[in-house]
Amino acid sequence: MDAVSPVPSAAIEVVALTKRYAAGTPAAVDRIDLRIASGSYCCLLGPSGCGKSTTLRMIAGHESVSGGDILLDNRNITDLPAAARGTAMMFQSFALFPHLSAVDNVAFSLKMKGVARAERRRRATDLLERVAMGHLAERKPGELSGGQQQRVALARALITEPRVLLLDEPLSALDPFLRIQMRAELRRWQKTLGLTFIHVTHSQEEAMALADTMVVMNHGLIEQVGSSHRVYNHPASEFVARFMGGHNVFDTPAGPVAVRNDHMQIAPEAEGGAGVAARITDVEYQGTYVLIGLEQEGVEKARQAVSVLLGEAAFLARPWTPGERVRLSWAEADVRVLGPGVQRPAERAPAPASTLRDDTAAIAAFSA
Ligand code: ADP
């Protein structure tokens, strides 16, 4: 198996990639630049409609490009047909043919290419063995567990020997328990195969669990690129801080800042002292943690809500109740100054790619 290269080369590079579905409408993807390291697990993350699937479909060749370029291993694939690109796609709920056996599902694209039956069954069987499914090759999807179906779908995508596997919300239709199992399995296979995976999801939790590189998108633009750790601990903008969750945003004279809700100190207002005045609205027991919901005082309605995440022991030592007035404070080291948020392309600095390269170095350092 290929080892992951210590100095990641870009498997996929997109340059000023743009999609406009109709003239006069806002671009669904607006001149984005991105480099995805070879052999890495990349998640495109963002709310519904932010342009994730459009980006993935343009990389796959399932959607035409309005502007910009897509390179795979430094080869410009922008105008190549899907089958000639070196990419393969894995769809939601795996999209297996129910009437075909596992081996025939895997061999399907070879059949379409006119490969002889014995040869395509041999190659499909080899691949099923590689994903530990050789013994179930003759079963139909309905006779396989969710995990086994996922491996068949993976083998089916790999039969064309892609350099990059594209996954469009592959786990979103599964029940929560299976989803967590399946994502651990996807991650294991990606590392074992040494392939580049690009996975679209709207779930922060899923992206954090899977990604070497997380790409947070909003309104057709990239808000931040970095490791899960970097994005969660250093959100670049208010959008990222709020979208990732677990952060409070406070307005200061110097602009908005974020502080993680598990890094907050909470004290009764009666004790006096510095801090933000707030009133407790909810107390939610979550097992290991207790989530305390609050409203800041003297702040416009839409920006009032904040939260404090306390360990169970800390909460039991001093149980807080709704209606209590408190002061919230935090250590200076926990403050993250937030950037201006989405920059329209016209206002962008000329060389945005350099920040991506910096993040790639940070990822390599973090995962070393
Ligand atoms: P996401 O995957 O992040 O949910 P999409 O890439 O599907 O977002 O969509 C981005 C934007 O493009 C949305 O505003 C969506 O309505 C629009 N869009 C997506 N597909 C089409 C299409 N085939 N025709 C017109 N507009 C589309």
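Each value, and the rule that gives it
Residues numbered from 1 in each chain as written. Predicted model: local features only at pLDDT ≥ 70, side-chain atom pairs only at ≥ 80, totals over all residues. Heavy atoms only, no water. Pairing = 2+ DSSP bridges. Helix = DSSP H or I, 4+ residues; strand = E, 2+ residues; numbered from the N terminus. Buried < 20%, exposed > 50% of the residue type's maximum accessible area, 1.4 Å probe, protein only. Right-handed = clockwise from strand over helix to strand, strands pointing away. Polar contact = N/O pair within 3.5 Å; in protein donor to acceptor, adjacent residues only side chain to side chain. Contact = heavy atoms within 4.5 Å.

> Residues and numbers for the sheet that holds strand β11 (residues 247-252), please.
With respect to topology, three strands assemble into an open sheet ordered β11-β12-β18, the strand pairing being antiparallel. Every interior strand has two partners, whereas the edge strands, β11 and β18 (336-337), have only one. Taken together, the six bridges between β11 and strand β12 (residues 255-260) define a ladder with antiparallel strand orientation. Looking at β12, one finds that D251 is bridged to P256.

> Talk me through the pairing of strand β8 (residues 196-201); I want residue IDs and the actual numbers.
Counting buried positions along β8 yields six of six residues, so the element is predominantly enclosed. Side chains of β8 alternate between two faces, with T196, I198 and V200 and F197, H199 and T201 buried alike. Relative to β8, strand β3 (residues 41-45) runs parallel, the two being bridged by five bridges. By the bridge assignment for β8, L45 is matched with T201. For strand β7 (residues 164-168) and β8, the ladder comprises five bridges, and the chain directions are parallel. Paired with D168 across the bridge in β8 is V200. For the handedness criterion, the β-α-β arrangement of β7, helix α5 (residues 176-193) and β8 is classed as right-handed.

> Please set out helix α1 (residues 52-60) residue by residue, giving values where relevant.
Burial within α1 is extensive, with seven of its nine residues counted as buried. Downstream of α1 by one or two residues, G61 has phi in the positive range, about 85 degrees.

> How would you summarise the side chain of Q304 if you had to cite specific residues and measurements?
Mapping Q304 onto the fold places it in the loop between β15 (289-296) and β16 (305-311). On the basis of relative accessibility, which here comes to 15%, the residue Q304 falls in the buried class. A polar contact of 3.1 Å, which involves the side chain of Q304, links it to the backbone oxygen of V299. Beyond its immediate stretch of four places on either side in the chain, Q304 contacts L294, E295, Q296 and V299.

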